[in-house]
Structure formats: structure tokens, C-alpha cells
Amino acid sequence: MKLSNLISTLLVATLLFFGGKALGQKKPVLSGEERVEMFQKNQGLKTDTTLASLHWQYIGPTNISGRCTDVEGISPRGNNYIIWVGSATGGVWKSVNEGITFEPVFDDMPTASIGDIAIDPTNPDVVWVGTGEANIFRSSNAGCGVFKTTDGGKTWQNMGLENTHTIGRVVIDYTNPDIVYVAATGHEWTPNKERGLYKTTDGGKTWKKSLYLNEHAGVSDVVMHPENPNILYCTSWERIRLKWKDPRTHEKTKHCGVWKSIDGGETWKEINNGLPAPNHRGRIGIDLCKEQPDILYLLLDNYEVGKKAEEGDLDSYGRQREDYIKGATVYRSDDAGGSWKQVSGLDEESKKYMMFHSGTYGWVFGQIRVDPKDPNIVWTLGLFLNKSVDGGKTFTPIKDMHMDHHGLWIDPNNPNYLLNVQDGGLSVSYDKGDHWRNPIEELPLAQFYNISYDFSEPFRVVGSIQDHHSFIGEVDLSWGRDRVQPVPFKNTVGAEGCTHAIDPRDNNTILGSIFYGKLAKGKIDDFSWDKLDYLLPTKFPDEPHMRGQWVAPTLLSTHNPDIVYHCMQHVMISKDQGSTWEIISPDLTYNDPAKFGDISHQTISAFDESPLRYGLLYAGTDDGRFWRTKDGGRNWVELHGKDVPKRWVSRLVASKYDIGTVYMTQTGRRDDDFQVYMWRSIDFGDTWEDISGNIPVGPVNVIREDPVDKNILYVGTDAGVYISKDGGKSYSVLGDLPFAYVHDLKIHPRDNMIIIATHGRGMWVLDANNINKKNERRNYYIPEPEMER
């Protein structure tokens, strides 16, 4: 062999052995371009056709959809029945028969988070998608720029702007489709310069900034004059989300406002006459009447105080409220933006209604629509879809749809025809909103956070779903392990973010949290909200407030299912199924007063108990700390790793094969970091090795051992599922799953089915008999409870 060939061979072997990553502490992945490259590498991991071709089976829920962010139709209805839907974390979907059926058309892209969709008015096969949900909800994910199809969604091309992360609006010039404007709201968690309004004049080959303010302020909405495409209006939004605080306006905010250009975005002028002061403006939506385009409306999140909060006034999550802000406020201009006049909230009844229009999270909404023919018919999108027929003075909520509305398309030629999307999917109206129907099939977009299972026949799976609380459904294998049918799920214990624990002795007693770790217990077979037992003890006034994560860890001991572990900032234990409790750890977080806010932070985010030894426990926090106790909580040791960064601990798993082995994953999503952080310790956490191997796409949400083969590991990331058959040295893509944010993964130990909870595509299962050959091993059994030693 030639020397050059030998060197190349050794280099390739070295890269494969170390997963293609440099030794030492990993560099955060912060750029969108690098994320796109990572995803392209991911496609190369599908070369093991034996594993990549295994079939994931969607199991439901068939009766629940998920948060959608935009909807577009093609006018006039009747010439076609095409509907495009963008979802928060489930990609883009297209129907050619007005919602009778839908097909996903964005499955092979490097993101499934959609901000806005725009259809070329000159060619309906040309569609632009701005990725990255601009609502920056707690479960939003970053996009990777702008994509374009010229064949109705069969193929897509990345058109750049990868570092914008979130896009609020895409507008195409109706006289020249090569001219496109993109409103970029920017990174969710960190400052960045790729914010503002972008413009291309060559169909996306090149872009320039049309309006830029600073690295904290982006552009969230744009509207184009229907008679002169050089006249544009846009709204700027200054915001950064913190781990402990929602993206609210504050005293120093000065870049939320309205802008106008009369020269195609070459120059801009602020048009804020009549609006509140800059530090009282939040997110702003804008629209105009197409037949009377000098009439414009704004939906402005107004931070002026409308009412003082009293002691005991609670918000939607049971927390003490701050003062009530005026909230959703509608302004109207009759002179093309020269001046604005408040039209909503002028009497007490209207004022009160608009104050609660958007709940406590007005930044999630910000959409307003004006009837294209009648300037006095105005729609605002908040908790409800709201309609005004008197120019915004009063609004009537439409209550026969799911709550939390994010998109509305009005047929410009027939304003009776409306398409609306919300947290429950898509709704259609043919009579200007008097009546609505949902598509025949629910879009399969449920955003799960977690999985638990029971040992019924057939076994059941349970999880919490963003915007829908907790649900449970059956996994029926009677048709065949490769023919599992999707089923409807039913309500059970737990809110929309929690973990669940089911007692294996009766397959009926279930524990789950009601917002931020408020633990409750009930029955699966006789579920009722008024039959729940709330388990945590009431705190004395002088005791510190308990802080629970949105998905607070809850675990039944494998040694004795009467023992319950529950985690807030402390680890808590009950030895009588929740009747009495003991705190068995100090505050395991940094407990930094500067990082307390309206979001529960500095909490325990991951926890596990060794199945081999009672009292061996591991806990990790959302501020990057991780701990071990060997004596059931009497003594805790903080663990460190030479190359382990301070990142949110997403999972800790104590090995079932070796008492000293523990796995840890971390996610950098809330730092806008998409690196792959995966670690293993074989000495109880004293030292750690990187086992990310060749997985190219992060962040990482979960790792699990195979229940049969100790060399097999499964990993769920914000791109899909990976498998290692050599203990973490190398990985392959597992199965034919579309792009999905895999938040949890478990293997049913009796039935040997892999179950995944995706955040945006529901729950799926895969037959693990094709992987670990369990059918050749002994049957699984449920051991008798092992009492505390």
C-alpha cells in the first residue's frame, strides 16, 4: 500500500473511532449553516439499510392534533381545493381536497418548525416557507432559514438565511415574484445580528437587509400595499427569551414599533403617532383592507398597567399574578399610517375583554386580519378567534374551536371562505365565521413530552401533550407486531407538561403533575379531575417556595412501587405512595436570585434510581449541575466532567447491567446551541467519557439501554432516533421515521416494542425483536416488590 493511502486509511479510521469530533471540550454549534451541514451528514447515517429500513408505526392519537402556525389557500376556491398548513414542530402539510386528506411535504428538511408560508401569486406551485416558529412558545424550535419549492412541494431548495432561527412573515411581490421579503424575529434565547427585514430581488440567490435595528430587535410582521408593491408596512419586535423569564417588554425596551417604506424597502420611516410609549409596546401585528388600503389595523400587546393585581390573583398556571397589563389593543389608521387611534377597550366591558384576550402570554399571538372588502370587519387571534363588525370597537369570540389561534387566511375574492389554524389544528368556514368544520382527518401533530407504559393486555402508553394535557392509549399487537393501528387517546392524570408513573401492580393507579411539578394521583379506568388526590404537602409561610420544572421528574422505585420520588429543586421521597413526604436533598441548583422570574427555573430536570441498588440515585438540573447519592439522600456529591459543559441536563439513566455505569445527555436548545452532548461514566459519575460518536444532529433529549443486549443504546434527538450496537462507539439512524423532535424513548420490557414520544408528530412504535432478538431469550416477568434495604 502506498504511504499516502495508508495515511488516508488511518485518518478515516481515527475519525470513525472518535465519531469525527475533536478531542477535548466540544465547541457549541451556534450557526444555522453548520446545522444544515450536520443534517446532511445525518442522511449519510442511513447507509445501514437493515436498520434504516425498519418501520416506525404511528400509534396516535388520532383524535388530537397540535399547534399550527400558518395556513394558506389559493383563490378562488372552486378552481382548486389546495390548503397548505405550517405547524409548530411537525413540518408542512398539503391537502388537495380541502382537508379530507393531508400529506406531509417537508419531512426530509433539517427542521420541522414553521414560521410562515407564502404562495407565489403568479404560480401556485411556487411556495416559500420561512422556518422557525416566531411565537417562541416554551416548546418552540429553531428554524434553518427559508425554503422554496417550484413543483408544489415535491422538492425543496434551501434559499439561505439559516441564522435567522425564527421567521414571522414571508411576502412575495405580486408584480415580480423574484422579489421576496422575509421578516426575521431572530434567535429565541440569545442576541444575534441576523434579525430584521430581508429582501431578495433575484429569487433568493442573494439577500440584503432592508431594515435592521440591533441584535435584540427583529421584524415580526409585514404587509404590502395591494396597488403599489413599493409601499410596505412592517412591525419591529425587541425580545429575548430567558430560561427564567418570558419575552416581555421591560422598562428599557425601545425598538417595538411600526415602520413604513414607499420605495420597496430602501428607506424606512417610523409611524408610531398615537401609540403607547416604546417601553409599553410588545409584539405588534399589522394588516390592511385590500379594497381600501389606506385603512390599516394593529394588534398591539400593550404593557401599560390596566389593573393592579391583588394577593391571591393567580395566572393560568396557579402562580401569583403580576399587575394586569392592558394587553391586546387594536389601533386603526385611516391615513395610511400617518396617525393611529385606539379603537378597542374604550368601555369597561371591552377593556376587560381585551385584557384577557391573550391570557398572560401576548407575545405568543400578534396576528390580526382585515376583511379584504369591508374595512369594518376585523379578526384578532388570541385565546379565541375574535370577530369585530364595528371597526374593532367590540369583539365576539368564536368558541366552538380549540383555543390559542395563530393563523387565518381569508379568500380575497370571497371573504366568506376562511381557513384558521390553532393549537388544535385546522378549521374551515364557508359563511364568514358563523359556522366551522374541522377536516375529516386530524393532522397528526401532537407534541408529546414524555412516555410511560403499563403492563395491561394490550399495554397502554401515556404522555403529556403541549396544549392538550395528558392522554393514554392502547398499543394493540393482535394484528401483528408490524401492523399496529393508530388509535384515539383518552384523558388521564396530568397537565400538558409532566412525567407519569403507573403502578405495575394494578395498571390503574397513575401519578402526574398539574403544572410545574404539582403532583397528583388518580385512576386510569375511572379518571375524573374532581377525583384527583393532590399529593405535595402545603408549605409553611417561612419555607422557601418549591420550584418544579415544566416536565418535573416523577419515578416509582423499581425496588418497591410504594416508594415515589418527585423532584422540584429538591429530591423528595414518599414511602407510602404519596401520603407523606421527606425532602432528601439540599437545593441541587445554583439557586441564583438573579435568575428567578415568572418561569420556574433552577429546578431538577433529570433523575434516576439504580435498578441494581436501592439508594443509589442521580439528579441533574436545568442550570447544568448533576449529583449522586449512594445512601438514599443522606449525602450528595456534586459530579463534574473535565469536558462536560454547563448545559441543561436532559436525561440521566442508571445502568441495569453495571452498578457503576450511568449515562447523561444534555441539551443546549435554550442556549441556541445544537451540539450533541452525550456522556457515560463507569465509576458512579466520578469521570465521564463522550459517547456521542458519529451522531451529527443535536440537541439530545434521551438515551436508553436495550433491555436485552447491554451493547445496544438508543438515542432520541431533535432530528430522530439513533442506535448503537457497540456501546456508543458508532451509531446508525434507526428506522424510517420522518424528521421529528424525539423527546422521550422507552422499550416495553415485556412486549419488546420501542416507543417514542415526538414533539410534533405524535407517538410511534417499532418492533425491537428485529434488533435485539429477544424472542430467542427468556421471557420478561414483573418481579415482586423488593422492600427498602
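Everything here concerns the structure above.
Everything numeric here is computed off the predicted structure, so don't read it as measured data.

Engineer: I keep staring at helix H2 (residues 32–44) and nothing clicks. Help me out?
Structural biologist: Because an α-helix packs 3.6 residues into every turn, residues spaced three or four apart end up facing the same way. With 13 residues, H2 should cover 18 Å at 1.5 Å per step; its first-to-last C-alpha distance of 19 Å lies within 8% of that length. Taken together, the buried positions of H2 are occupied by Gly32, Arg35, Val36, Met38, Phe39 and Asn42. All buried residues of H2 fall inside an arc of 155° around its axis, so they share one side. Those residues of H2 that are exposed and angled more than 90 degrees off the buried face are Gln40 and Lys41. On the buried face of H2, the contacting elements are strand S9 (157–158), strand S51 (721–724) and strand S52 (732–733).

Engineer: Whenever I open this one, the sheet that holds strand S18 (residues 281–289) confuses me. Can you help?
Structural biologist: Hydrogen bonds between backbone groups are what pair the strands of a sheet, and the pairing can be parallel or antiparallel. Ordered by their spatial adjacency, four strands build an open sheet running S18-S19-S20-S21, and the pairing between neighbours is antiparallel. Sheet topology places S18 and strand S21 (341–342) at the edges, where each strand pairs with a single neighbour. Bridge count for strand S20 (residues 324–333) against S21 is two bridges, and the pairing is antiparallel. The partner of tyrosine 331 across the bridge, within S21, is glutamine 342. Against the sheet, helix H4 (residues 348–355) touches strand S19 (292–307) and S20, its axis set at about 110° to S20.

Engineer: How do you make sense of the sheet that holds strand S10 (residues 167–172) when you look at a structure like this?
Structural biologist: The strand order across the open sheet built from four strands is S10-S11-S12-S13, with neighbouring strands paired in antiparallel fashion. Bordering the open sheet on either side are S10 and strand S13 (208–211), each of which pairs with just one other strand. Across this sheet, the average inter-strand angle for adjacent strands is 25°, counted without regard to direction. Inspection of the sheet shows strand S11 (residues 180–184) paired to strand S12 (residues 196–200) by five bridges, in the antiparallel sense. Bridged to valine 180 within S12 is threonine 200.

Engineer: Just to check I follow, could you spell out empty space enclosed by the protein for this structure?
Structural biologist: Think of a ball as big as a water molecule: rolled over the atoms, this probe shows where empty space is left. Evaluated as defined, the whole model comprises seven cavities of 30 Å³ or more. For the largest cavity, the calculated volume is near 220 Å³. Across the lining of the largest cavity, the residue classes break down as 11 nonpolar, five polar and five charged.

Engineer: It is not clear to me how the packing of aromatic side chains should be interpreted in this structure. Could you clarify?
Structural biologist: What characterises a pair of aromatic rings is the spacing of the ring centres plus the angle enclosed by the ring planes. All told, the structure shown has 19 aromatic pairs when counted by the stated rule. Aromatic side chains phenylalanine 739 and tyrosine 741 sit 5.3 Å apart centroid to centroid with 85° between the ring planes, which places their arrangement in the edge-to-face category. As far as burial versus exposure is concerned, phenylalanine 739 and tyrosine 741 are alike and both buried. Its end group placed over the ring of tryptophan 550, arginine 138 keeps NZ or CZ at 3.6 Å from the ring centre. Here the basic side chain of lysine 307 rests over the ring of tyrosine 324, its NZ or CZ set 5.0 Å away from the ring centre.

Engineer: What should I look at first to understand H4 in this one?
Structural biologist: Among the residues of H4, Ser350, Met354 and Met355 are the ones counted as buried. Here the buried residues of H4 occupy an arc of 135° about the axis, which is enough to place them on one side. Exposed residues on H4 whose side chains face more than 90 degrees from its buried face are Glu348, Glu349 and Lys352. Where the residues of H4 are buried, they touch S19 and S20. Capping of H4 at its N-terminal end is provided by aspartate 347; its side-chain oxygen lies 3.1 Å from the backbone amide nitrogen of glutamate 349.

Engineer: In this structure, what is going on with the pattern of salt bridges? I would like to understand it.
Structural biologist: Oppositely charged side chains may form a pair once their charged atoms are brought near each other. By the definition in use, this model includes 35 salt bridges. Aspartate 467 is the salt-bridge partner of arginine 67, the closest N and O atoms lying 3.4 Å from each other. You can see arginine 67 sitting in the loop between strand S1 (57–60) and strand S2 (68–73) and its partner aspartate 467 sitting in the loop between strand S30 (460–465) and strand S31 (469–474), a full 400 residues away along the chain. In this pair, the class of arginine 67 matches that of aspartate 467, namely buried. Three or more residues joined by partner-sharing salt bridges are found here, namely Glu188, Arg241, Asp246, Arg248 and Asp598.

Engineer: Would you mind going over the state of the cysteines with me for this structure?
Structural biologist: Here, the word disulfide means a covalent bond between the sulfur atoms of two cysteines. Scanning all chains against the criterion turns up zero disulfides. Free cysteine cysteine 498: the closest other cysteine sulfur is in cysteine 567, separated by 14 Å.

About the cut-offs
Residues numbered from 1 in each chain as written. Predicted model: local features only at pLDDT ≥ 70, side-chain atom pairs only at ≥ 80, totals over all residues. Heavy atoms only, no water. Helix = DSSP H or I, 4+ residues; strand = E, 2+ residues; numbered from the N terminus. Expected span 1.5 Å × (residues − 1). Buried < 20%, exposed > 50% of the residue type's maximum accessible area, 1.4 Å probe, protein only. Arc of directions from axis to C-beta. Contact = heavy atoms within 4.5 Å. Pairing = 2+ DSSP bridges. Axes fitted to C-alpha atoms, helices over the stretch in contact; angles between N-to-C directions. 1 Å grid on protein atoms, 1.4 Å probe; cavity = no way out; pocket = protein on both sides within 12 Å on 5 of 7 lines; lining within 4 Å. Points joined across faces, edges and corners; volume = space filled by probe spheres on them. Nonpolar A, V, L, I, M, F, W, Y, C, P; charged D, E, K, R; others polar. Phe/Tyr/Trp six-rings, centres within 6.5 Å; stacked < 30°, edge-to-face > 60°. Lys NZ or Arg CZ within 6 Å of the ring centre and 35° of its normal. Polar contact = N/O pair within 3.5 Å; in protein donor to acceptor, adjacent residues only side chain to side chain. Salt bridge = Lys/Arg side-chain N within 4 Å of Asp/Glu carboxyl O. Disulfide = S-S within 2.5 Å.

None of the figures reported here should be taken as evidence of function without further support.
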